[in-house]
Amino acid sequence: MRRGIPQEKLFLHRNGISLPPLDWQKRRSTQPHTELRLAIVGRLSPEKNHARMLEVLAELNQLTSVPWCVDIWGEGSLLSDLSELTARLDIRDKVKFCGFRPEVWRELDHYHCLLNFSFGEGIPISLIEAGWRRTPVFASSVGGIPELCSASGAELFHLSSSNREIAKRLLEFSQNSCVPIVTGK
């Protein structure tokens, strides 16, 4: 307000930074699962790069027999296009569009990994929330993400890499950083 912004335009946005971290053993994804559970949080718009993520996951599908699924949290103008893309890539049965949820952070400990394929980010709140929910992060190395996550806070990849290279890195990261998946063997 001291800078001249009218009070009616200001609002408080709580981002969970001050909330206590979740103990690793209390995470729901530490329970045995039969599939790798992935999530992405963000509005369905071009800059969030969901289409590229789906293309990488289609490559992942070719690289491994480990079952996986991804929940896409968010709404936006690309919902129809992204849904059609899942059909063209033959991964529709592995992708769930969950819509918008104001406190989606409460769901993050259900997942083995939070994905972020954005073209640019300042300080992405979903990555901060993943940190205190102890959810591993696999994210594009853009904007403020490297500074936020540092060298050991996430697995970072370059968007200039091929879809196959990124899929291989995601597979390796999930095998090394996530709870093992029960395959019945």
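## Looking at helix α2 (residues 79–88)
Item 1. Residues L82, L85 and T86 constitute the buried set of α2. When α2 is viewed along its axis, its buried side chains cluster within an angular range of 100° and face the same direction.
Item 2. Turning to α2, the residues buried within the fold contact α1 (50–63) and β3 (95–99).
Item 3. Residue D90 follows α2 closely and has a positive phi angle near 60°.

## Notes on the confidence of the model for the protein chain
Item 1. The pLDDT averaged across the protein chain works out to 86; a share of 84% of its residues lies at or above 70.
Item 2. α2 holds the highest mean pLDDT among the elements of the protein chain, 98, whereas helix α4 (residues 145–149) holds the lowest, 84.

## What to know about the packing of aromatic side chains
Item 1. Evaluation of the coordinates by the stated rule reveals four aromatic pairs.
Item 2. With centroids separated by 6.5 Å and ring planes inclined at 50°, the aromatic side chains of F117 and F138 adopt a geometry described as tilted. In this pair, F117 sits in the loop between β4 (113–116) and α3 (125–132) while F138 sits in strand β5 (residues 137–140), placing the two residues 21 residues apart along the sequence.
Item 3. Residue F117 is classed as buried on the basis of its relative accessible area, which comes to 1%.
Item 4. A residue is classified by how much of its surface remains accessible, and F138, at 0% relative accessible area, is buried.
Item 5. Seen from their ring centres, F138 and F157 are 4.8 Å apart, and the 25° between their planes marks the pair as stacked. With F138 in strand β5 and F157 in strand β6 (residues 155–157), this pair connects stretches of sequence that are 19 residues apart. For the residue pair F138 and F157, the accessibility class agrees, reading buried in each case.

## Side note on the nonpolar core
Item 1. Formed by 45 residues in total, the largest nonpolar core has its most connected members in L38, M53, L57, L115 and F138.
Item 2. At six residues, α1 tops the list of elements feeding residues into this core.
Item 3. The residues touching F138, leaving out its near neighbours within four places in the chain, are C113, L114, L115, N116, F117, E155, F157, I166, R169, L170 and F173.

What counts as what
- Numbers given for residues are sequential positions, taken from 1 along each chain in its written order.
- In view of the model being predicted, local features appear only for residues whose pLDDT reaches at least 70, and side-chain atom pairs are presented and counted only at 80 or more, with totals across whole chains, interfaces and linings using the full set of residues.
- Hydrogens and water molecules were not included; the side-chain quantities draw on all heavy atoms of the structure.
- When accessible area is computed with a 1.4 Å probe and restricted to protein chains, residues below 20% of their type maximum are described as buried, those above 50% as exposed, and intermediate ones as partly exposed.
- Here a helix means four or more residues in a row that DSSP labels H or I, a strand means two or more in a row labelled E, and each is numbered from the N terminus.
- Comment: arc refers to directions from the helix axis out to C-beta atoms.
- The contact criterion used is simple: two residues touch if any of their non-hydrogen atoms lie within 4.5 Å.
- Each residue carries a pLDDT score, the predictor's confidence in it, ranging from 0 to 100.
- Within 6.5 Å between ring centres, the rings of Phe, Tyr and Trp (the latter by its six-membered ring) count as paired, and their orientation is classed by plane angle as stacked under 30 degrees, edge-to-face over 60, tilted in between.
- The nonpolar core is taken to be a set of buried Ala, Val, Leu, Ile, Met, Phe, Trp, Tyr and Cys residues, with the residues joined through side-chain atoms within 4.5 Å.

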